[in-house]
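# Summary of structural features
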Amino acid sequence: MDSIAIEELAKRARIAARKVQAAPTELKNSALQYIHDELVASKGEILQANEQDRNLTLAAVNAGTQSATLYKRLDLSGSKFDAMLDSVSSVLALEDPVNKVSLARELDSDGLELYRVTCPIGVICIIFEARPEAAVQISSLAIKSANAIILKGGKEAEHSNRALVAAIRRGLQKSGMPEDVVQLVSTRGEIDELLKLDHYIDLVIPRGSNQLVQYITDHTRIPVLGHADGICTTYVDASVDLDLAAKVAVDAKAQYPAVCNATERLLVHKNIAQTALPKIGQALIDAGVTIKADGESMKYLPRDEKFVVAATSKDFRTEFLELTIACKVVNSIQDAVEDINDFGSHHTDCILSDNDQAAEYFMANVDSANVYHNCSTRFADGFRYGFGAEVGVSTTRTHSRGPVGMEGLLIYKYRMYGKGHIVKPYASGEKKFRHRDIQPEYRIGKK
């Protein structure tokens, strides 16, 4: 697709965004239901396309040019297809987030009123890698929040993404919403052209490696909301129930390791290392996890040459995305916090502790989007948070951080209602502002 065609695609997205920005809830929900039904009806075609992607990737894995983790992420079969459908239904069931009042203020008692009201961002370009179900999750959130999106999936999921987006667009067409609310591009060159179109595109959301996020940031004037690596840490404090610690650590690492909210680093307080590491280490080994240990933790971990190996400094900065974890002993909770802030990715970090005061210190001082006490890092997910689905997990310091659901796809506008009011009498002191908060329902939503 040449640059003229790419600009035309972006222009169509802008036109679609303007058409749906005030779409009624009933129309958006109808579109989501039609999309759900189209996905069900097209399941065979979608899974066939997905198998094609998986076979090509498996050949690359066997040739040593692609990772086994990527192959696992591609799979849409079985429960993953059902979960994808559930994400559409979950978003459909959510309250419409558009046109919600977050501030209602009477500026003067004679009818001058101000309202801050949610509205869609407009056109969003979302670049994601590997996981094809992300196309469905992102599209559902965009439709419910009245945005238009341009999707760019990874090359490894090209056939899956085409089949999924085709089903989504058929659902949009049947509902009466513009098909161009959801569009798909395929090549890196097309993305480079899109990154130039700040007149049509309002936000870029890259989901993937730090290298991808940095490349996008360096090559566009469009605002970027980055979703980068998940180097998540579970810290075992000096006082903790070891059964709880072992259970949570295993779930955080081994329940599904090929995702950004899986724990990649295990830090253990020195005062509990002698008793905690044998138990937690054996639980991890039993789950098939390889432990890359520093010298101090190696003293207490089970002797197992297959599953316990010496760590390098690089291991503590690595997103493994497989059954591997880096483990080290720290001198204090303060050292744990400093280590996480220095070497983690500000995604999701957890403290396992019986001490509530220690937990509060950890959660207040770890600079991450998600901080947990006594629960698995695997909970960092928009669906599990009740957001219906997620665009991704933002590690940036912007209006949206952590799992980004529909709220992250909204901005707001200020509406002011008057009766011929002018500024002159307020500027001269003849009149004074009242600035009294009023009920949001006073005007917004009234027929």
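Scroll up to find the structure.
An account of the accompanying structure is given in this report.

What follows concerns the pattern of salt bridges. Working definition: two side chains of opposite charge can pair if their charged atoms are close together. Counted by the stated rule, this structure contains 25 salt bridges. The partner of Glu-296 in a salt bridge is Lys-299, with the nearest N and O atoms 3.0 Å apart. By sharing partners, the salt bridges in this structure join Arg-12, Arg-169 and Asp-180 into a single network.

Across the interface, helix 2 (residues 25-41) lies against helix 7 (residues 158-175) with an axial gap of 8 Å and an inter-helix angle of 135 degrees. By the criterion of interaxial angle, the relationship of helix 2 to helix 7 is oblique. In the crossing of helix 2 with helix 7, the sense of the turn from one axis to the other is right-handed. Residues Leu-27, Ser-30, Ala-31, Tyr-34, Ile-35, Glu-38 and Leu-39 of helix 2 lie in contact with helix 7, whose contacting residues are Leu-164, Ala-167, Ile-168, Arg-170, Gly-171, Leu-172, Lys-174 and Ser-175. Of the residues that constitute the contact of helix 2 with helix 7, the class distribution is 9 nonpolar, 3 polar and 3 charged.

Okay, the packing of aromatic side chains next. Counted according to the given criterion, the structure contains 5 aromatic pairs. Seen in terms of ring centroids, Tyr-115 and Tyr-417 are 5.6 Å apart; in terms of plane orientation they differ by 85 degrees. Their pairing is edge-to-face. On the criterion of sequence distance, the pair formed by Tyr-115 in strand 2 (residues 112-120) and Tyr-417 in strand 16 (residues 410-417) is long-range, its members being 302 residues apart. Judged by its relative accessible area of 0%, Tyr-115 is buried. For Tyr-417, a relative accessible area of 25% corresponds to the partly exposed category. Plain terms: the ring middles of Tyr-385 and Phe-387 are 5.6 Å apart, the flat faces sit at 90 degrees to each other, and that makes the pair edge-to-face. On the basis of relative accessibility, which here comes to 31%, the residue Phe-387 falls in the partly exposed class. Stacked on the ring of Tyr-412, the Lys or Arg Arg-116 has its end atom at 5.4 Å from the ring centre. Sitting over the face of the ring of Phe-316, Lys-328 holds its NZ or CZ atom 4.6 Å from the ring centroid.

Strand order in the open sheet made by the 7 strands is 10-9-11-8-7-12-13, with parallel pairing throughout. One side of each edge strand has no neighbouring strand; the edge strands of this open sheet are strand 10 (308-310) and strand 13 (370-373). Between one strand and the next, the sheet's axes are offset by a mean angle of 25 degrees, whatever the strand orientation. Of the pairings in the sheet, the one linking strand 8 (residues 263-269) to strand 11 (residues 324-330) comprises 5 bridges and is parallel in character.

Of all the 5 residues making up strand 7 (residues 232-236), 5 are buried; the element is thus mostly covered by neighbouring parts of the structure. Of the two faces of strand 7, the one lined by Cys-232, Thr-234 and Val-236 and the one lined by Thr-233 and Tyr-235 are each fully buried. Relative to strand 8, strand 7 is paired through 5 bridges, and the arrangement is parallel. Bridge pairing links Val-236 to Val-268 in strand 8. In this region the chain leaves strand 7, passes through helix 10 (residues 242-254) and returns to the parallel neighbour strand 8; the handedness of that crossover is right-handed. Pairing of strand 7 with strand 12 (residues 348-352) involves 4 bridges; the strand directions are parallel. Looking at strand 12, one finds that Tyr-235 is bridged to Ile-351.

Conventions and cut-offs
Residues numbered from 1 in each chain as written. Predicted model: local features only at pLDDT ≥ 70, side-chain atom pairs only at ≥ 80, totals over all residues. Heavy atoms only, no water. Salt bridge = Lys/Arg side-chain N within 4 Å of Asp/Glu carboxyl O. Axes fitted to C-alpha atoms, helices over the stretch in contact; angles between N-to-C directions. Helix = DSSP H or I, 4+ residues; strand = E, 2+ residues; numbered from the N terminus. Parallel < 35°, antiparallel > 145°, perpendicular 65-115°, else oblique. Left-handed = near helix turned anticlockwise from the far one by under 90°. Contact = heavy atoms within 4.5 Å. Nonpolar A, V, L, I, M, F, W, Y, C, P; charged D, E, K, R; others polar. Phe/Tyr/Trp six-rings, centres within 6.5 Å; stacked < 30°, edge-to-face > 60°. Buried < 20%, exposed > 50% of the residue type's maximum accessible area, 1.4 Å probe, protein only. Lys NZ or Arg CZ within 6 Å of the ring centre and 35° of its normal. Pairing = 2+ DSSP bridges. Right-handed = clockwise from strand over helix to strand, strands pointing away.

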